[in-house]
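Each chain, written out:
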Amino acid sequence: MRDIYNFSAGPAVLPEPVLQEAADEMMDYKGSGMSVMEISHRSSLFQSIIDETEYDLRALMNIPDDYEVLFLQGGTSLQFAMIPMNFMRNKKADYILTGYWAKKAYEEAKLYGKINVAASSEGDNFSYIPDCRDLDILPDSDYVYMCENNTIYGTKFKTCPDSKGKVLVNDVSSCFLSEPMNVSDYGMLFGGIQKNLGPAGLVIAIICKDLITENVLPWTPTMLRYKIHADKRSLYNTPPTYNIYIVGKVIKWIQALGGLEKMKEINEKKASVLYDYLDRSKLFEGVARRDSRSLMNVTFRAKSNEMNAEFIKAAGQNGIVSIGGHRAIGGMRASLYNAMPIEGVKYLVDFMGDFEEKKLSGY
């Protein structure tokens, strides 16, 4: 067991059994005499890794056959450009602004066409998810864009927005495989894996095949065309081989736990431990509105910036690392991704209780 609890928003904590298995195979993968990091991406050995990873992901998420699964590079931020390049055929799109990353995607998309804000919670510092039952959508919009879980602000969509028949594109980076979801509700799902699935450097994109065509903006670079990657089964160039290998192991770990329904149950229990404490605390308070709270990222703060800093320092000295909030909102943020054990959340809450007792009693 490790002697720290890592609450980082990403790169984030990974399951210990996965790390141990990867360590055991580090120098010799399946008798090859090579590390996975040394195996050619054109070899049959790696082909079996990527094929099995895709197969297991499809089974875990119940991904329909008419969706492609792509393993891509460039991080989630590159998708902010690839999406309009590939999908903005009328050069119009709608974006739901619910946080820092949704807004970054919106600003990038503005380079390629007319972008309408269909809904926004920016006026209240992104502390909630806006009502998306009657969105202000352009009649000839190419797609509607959303970010399901907002890492920095600790909010999450509880229901799927009504896109009024338009293609719905969903950034699921910080809630990927944390609970079941209906893939068919979306034209595209995508996410960086560095929060719930593996090391930084890989994006998984799940895209309806009907959307993957040669009809892209005319100056779209070859490497930024989804059809290129789909036609080459994610092997147009050298993919992040080791990342794909780790993702495959994380998926098997989730399967062994009982799948996504069980994962959701575990995540709800973890989050309730921390939220229940915050709701009764006299020193700490949650940042996100209660009806919009994320299971993955819990944002909170103490009575002053000075006390926030004191808490973060004390927490670090007691094995609670990366608990500081994003610079955009300050305070604290506990990321409770799949691999965070409930013991870590209970340890955090016990420490917060001790800290609070000392502060309110004046030591």
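Residues numbered from 1 in each chain as written. Predicted model: local features only at pLDDT ≥ 70, side-chain atom pairs only at ≥ 80, totals over all residues. Heavy atoms only, no water.

J.: Before we go on, may I ask you to explain the sheet that holds strand 3 (residues 92-97) in this structure?
T.: Sheet architecture is open: 7 strands sit in the order 2-10-9-8-5-3-4, paired in mixed fashion. The two strands at the open ends of the sheet, each matched to only one other strand, are strand 2 (67-72) and strand 4 (114-120). Neighbour-to-neighbour, the strand axes of this sheet turn through a mean angle of 20°, independent of strand direction. Here helix 4 (residues 100-109) sits on the sheet and contacts strand 3, strand 4 and strand 5 (143-147); the angle it forms with strand 3, its principal contact strand, is near 160°. (Pairing = 2+ DSSP bridges. Helix = DSSP H or I, 4+ residues; strand = E, 2+ residues; numbered from the N terminus. Axes fitted to C-alpha atoms, helices over the stretch in contact; angles between N-to-C directions. Contact = heavy atoms within 4.5 Å.)

J.: I would appreciate a short explanation of the side chain of Ser173 in the present structure.
T.: Here Ser173 lies in the loop between strand 8 (167-171) and strand 9 (188-192). What makes Ser173 buried here is its relative accessible area of 8%. Of note is the side chain of Ser173, whose polar atom sits 3.1 Å from the side chain of Thr76. A distance of 2.7 Å separates polar atoms of two side chains, one belonging to Ser173 and the other to Asp171. Setting aside residues no more than four positions away along its own chain, Ser173 makes contact with Thr76, Phe190, Gly191, Gly192 and Lys195. (Buried < 20%, exposed > 50% of the residue type's maximum accessible area, 1.4 Å probe, protein only. Polar contact = N/O pair within 3.5 Å; in protein donor to acceptor, adjacent residues only side chain to side chain.)

J.: Help me out: how do you make sense of the state of the cysteines in this one?
T.: Here, disulfide denotes a covalent bond that connects the sulfur atoms of two cysteines. Within the structure shown, the criterion is met by 0 disulfides. Not engaged in a disulfide, the cysteine Cys160 finds its nearest cysteine sulfur in Cys132; these two sulfurs lie 9.4 Å apart. Lacking any disulfide linkage, Cys175 is separated from the closest cysteine sulfur, that of Cys147, by 7.6 Å. On the basis of relative accessibility, which here comes to 6%, the residue Cys175 falls in the buried class. (Disulfide = S-S within 2.5 Å.)

J.: What is the right way to read helix 9 (residues 342-361) from this model?
T.: Quick reminder: α-helices carry 3.6 residues per turn. Residues three or four places apart thus point the same way. Here helix 9 spans 28 Å end to end across 20 residues, near enough to the 28 Å set by a 1.5 Å rise per residue. Listed in full, the buried residues belonging to helix 9 are Gly344, Val345, Leu348, Val349, Phe351, Met352, Phe355 and Glu356. Projected down its long axis, helix 9 shows its buried positions confined to an angular sector of 165°, all on one face. In this structure, helix 9 carries Asp350, Glu357 and Ser361 as exposed residues pointing more than 90 degrees from its buried face. (Expected span 1.5 Å × (residues − 1). Arc of directions from axis to C-beta.)

J.: When you look at the layout of surface pockets in this model, what are you seeing that I'm missing?
T.: Gaps between atoms show up when a probe of the same size as a water molecule is rolled over them. The computed volume of the largest pocket comes to approximately 400 Å³. Of all the secondary-structure elements, those providing two or more residues to the lining of the largest pocket are strand 1 (5-6), helix 1 (16-24), helix 6 (241-257), helix 7 (259-280) and helix 9. Take the lining of the largest pocket: its biggest share by element is 4 residues, from helix 7. Broken down by class, the residue content of the lining of the largest pocket amounts to 15 nonpolar, 2 polar and 5 charged. (1 Å grid on protein atoms, 1.4 Å probe; cavity = no way out; pocket = protein on both sides within 12 Å on 5 of 7 lines; lining within 4 Å. Points joined across faces, edges and corners; volume = space filled by probe spheres on them. Nonpolar A, V, L, I, M, F, W, Y, C, P; charged D, E, K, R; others polar.)

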